[in-house]
Each structure stands twice: as structure tokens, then as C-alpha cells.
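Survey of secondary and tertiary structure
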Amino acid sequence: MMDILNFDFMQNALFASLLVSVICGIIGTLTVINRMVFIAGGIAHGSYGGIGLALYFGIAPMLGASLFSLFLGALIAYITHQNNARLDALIGVLWAFGMALGIIMTDLTPGYNVDLMSYLFGAILSVTDEDLYGMGAVLVVVLAFAVIFYKQLLAMSFDAQFAKLRGINVTLLYFALVLMVALGVVITIRAVGLILVIALLTIPPYIAEKFTNSVGGMMVLASILSALFCTVGLYLSYSFNLSGGASIILVATTTFFIQLLYSRYIRS
């Protein structure tokens, strides 16, 4: 494993996986306990519209994905906070709209030569120093948000009505949480792609929940598990010439099924 780190691209990939792991550990935990997985999925797939728009207007694809995801996040937060009826249908529509818009705008872009597969399935082995700076900035924002509003987030997650009685602005906090989810989703796309991002956001927290008694502990363990999945996945990717994002998710899903079998048939 150590000889792999002699290559700059593997060093960047490892740093990126560690940064993304902490982001996913924090945001993924909040996503799971607030039952927002489908919302995160809608934002992830809808962000493809931002990539298409960015290509058409000649700006950085990840910048376009970030801005469009924040827009989708704000829209979803506004609609779902007002009325949760038919939430799945609403997110399905936005999901399809974003994907369709991205494909159409890409088709309309003259002479584009961007590898769109890297956005669908990730390209962690081609992460640049600029990508690392972006991931680091998002990590600082996410970590600050979780630390500053930890108690308020707990109150809102488990009893929104009680949180309101305690004077917490649940509406504003909910909007902020959805926007943090959008940021976490976009930055994770660089590692595993928008198709696989939900797995990295949900599997580590789901497993961590079985072995911890607090949300903070769940965030820490989920971050550690995510880092482990990424490291093993990167090793497999390099050793067998496989897709980095898919290798990471394969390790994560395999661990998920092992834990599930252990909980149901061995531990019980």
C-alpha cells in the first residue's frame, strides 16, 4: 500500500477520500436521522442540470453543479417545509428535470470534450489540488455548522414541535440543513459520482447507528467507516485497474450486507 503513495495522483485521491469521508460522516448522519435520503438523491441527480448548464455557458462544471444544487436544495426545502404531501413525487420530478436539462444542454454545447462519465461515476483518481481546496472549504463549513448548531439540530431531528417551543427557528434551520446536504452531495460527486453518492452518504451512518448511542458518536464512526471504505476501495482500484468510485461503493455495500447478516442471524 505504501508504494502506491509515491504517485501524486494517489496522494491526492487519498486526501480527497479523507476529506469527503468526514463530510459524508457529518452530513450523512444528519440525512439519515432526518429521513432525508430521498431529498439528497434528488439533489444529487438533479445537479446534472447544473453540469449541463456550466458546459453550455463555458464555466467550471463543478461550479455549475454547486450553484444548481443549492438552487434545487432551496426549492425542495421551501416546498417540503410547506407541505410534505407527495414528497416522493415532487423529488422525482425535480430529479428527472435536472437529468433531462443536463443532457439537453450538453447536446446543445458545440464541440464539448468533457468526460461526463466522471461526473456520473466519479473520478477520484484525477482529483486536483484545486479540488482538494474546495473539499477542504466545504468541510470547514459543514463542520462549523454541525458544531455551532449541534443541540438545535438534535432537537429539530427528533422533535420539531419541541424545538419550536424552545424558541428554535426550525424553518431557517431546516433550510440551512438542506443546503448543507446539497453542498455535501456536490463535493462527494467528485469522488464517487452522482449515481453512487447516496451510498456513501447513507451506508456509513446506517452501520454506525448500530454501534453508537449518540448522534455525535454516529458522526465520528460514520466518518471513520467512510474513510476505511474509501482507502480499501482506492487500493482495489489501483491494484486491479478498476473504477475508483465503484470500488469504494462495492466495499461499502459489501460491508453493509455483512453487518446486516451479522445483526439478523449471528448477533441475535
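Structure first, text after, so check above.
Described below are features of the structure shown in this document. (Residues numbered from 1 in each chain as written. Predicted model: local features only at pLDDT ≥ 70, side-chain atom pairs only at ≥ 80, totals over all residues. Heavy atoms only, no water.)

1. Details of the side chain of Asn12
The condition that has to hold: Labels follow the DSSP assignment, with helices taken as runs of H or I lasting at least four residues and strands as runs of E lasting at least two, numbered in each case from the N terminus. Note on exposure labels: buried denotes an accessible area under 20% of the residue type's maximum, exposed denotes more than 50%, and partly exposed covers the range between, all computed with a 1.4 Å probe on protein chains only.
Inspection of the secondary structure puts Asn12 in helix α1 (residues 8-33). Judged by relative accessible area, Asn12 falls into the buried class, the value being 15%.

2. Digging into empty space enclosed by the protein
As a reminder, the rule being used: Here a cavity denotes grid points, spaced 1 Å and computed from the protein atoms alone, that fit a 1.4 Å probe unable to get out, and a pocket denotes an open set having protein on both sides within 12 Å along at least 5 of 7 lines; residues with an atom within 4 Å of a point are the lining. Grid points are joined across faces, edges and corners, and a volume is the space filled by probe spheres set on the points. Lys, Arg, Asp and Glu make up the charged group, whereas Ala, Val, Leu, Ile, Met, Phe, Trp, Tyr, Cys and Pro make up the nonpolar group; the residues left over, Gly among them, are polar.
Using the criterion set out here, one finds one cavity of 30 Å³ or more in the structure. Here the largest cavity defines a volume of roughly 30 Å³. Along the walls of the largest cavity sit Leu30, Ile33, Tyr150, Leu153, Leu154, Ser157, Val215 and Met219, which together make up its complete lining. Those elements giving two or more residues to the lining of the largest cavity turn out to be α1, α8 (150-158) and α12 (215-240). With four residues, α8 is the single largest residue contributor to the lining of the largest cavity. Counted by class, the lining of the largest cavity contains seven nonpolar, one polar and no charged residues.

3. Thoughts on unusual backbone geometry
With phi around 55°, Arg35 is a residue other than glycine that occupies positive phi space. By relative accessible area, Arg35 is classed as exposed at 74%. Residues other than glycine seldom take positive phi values, yet Asn241 does so here, at roughly 55°. Owing to a relative accessible area of 73%, Asn241 belongs among the exposed residues under this scheme.

4. Quick look at the nonpolar core
The cut-off we apply is this: Nonpolar cores were defined as sets of buried Ala, Val, Leu, Ile, Met, Phe, Trp, Tyr and Cys residues, with membership established by side-chain atoms within 4.5 Å. Two residues qualify as a contact provided that any one of their heavy atoms is within 4.5 Å of a heavy atom in the partner residue.
Counting residues in hydrophobic clusters, the biggest one holds 84 residues, and the most contacted among them are Ile124, Met135, Val185, Val192, Leu200 and Leu201. Excluding its chain neighbours within four sequence positions, the residues that come into contact with Met135 are Ala16, Leu19, Val20, Ile23, Val127, Ile187 and Arg190.

5. Observations regarding α8
Counting along an α-helix, one turn takes 3.6 residues, and residues three or four places apart therefore face a common direction. When we look at burial in α8, the residues that qualify are Leu153, Ala155, Met156 and Ser157. Its buried side turned inward, α8 meets α1, α7 (129-148), α9 (160-165) and α10 (170-192).

6. With respect to the packing of α7 against α8
Stated precisely, the cut-off is as follows: Every angle, taken between N-to-C directions, lies between 0 and 180 degrees, and every axis is a line fitted to C-alpha atoms, over only the stretch in contact when it is a helix. What sets the label is the angle itself: under 35 degrees gives roughly parallel, over 145 gives roughly antiparallel, 65 to 115 gives roughly perpendicular, and the rest give oblique.
As a packed pair, α7 and α8 sit with axes 4 Å apart at the nearest point and diverge in direction by 75°. Regarding the angle of α7 to α8, the classification is roughly perpendicular. Between α7 and α8, the residues in contact are Phe145, Ala146, Val147 and Ile148 and Tyr150, Gln152 and Leu153, respectively.

7. Overview of the environment of Leu14
Its location among the elements puts Leu14 in helix α1. With a relative accessible area of 19%, Leu14 lands in the buried category. For Leu14 and Ser157, which are 143 residues apart along the polypeptide, the C-alpha to C-alpha distance reads 32 Å.

8. Side note on α12
Let me state the cut-off plainly: How far a helix is expected to stretch is found by multiplying one less than its residue total by 1.5 Å.
Taking 1.5 Å per residue as the helical rise, α12 with its 26 residues ought to reach 38 Å, and the 37 Å between its terminal C-alpha atoms agrees with that figure. Positioned one or two residues after α12, Asn241 has a phi angle of 55°, which is positive.

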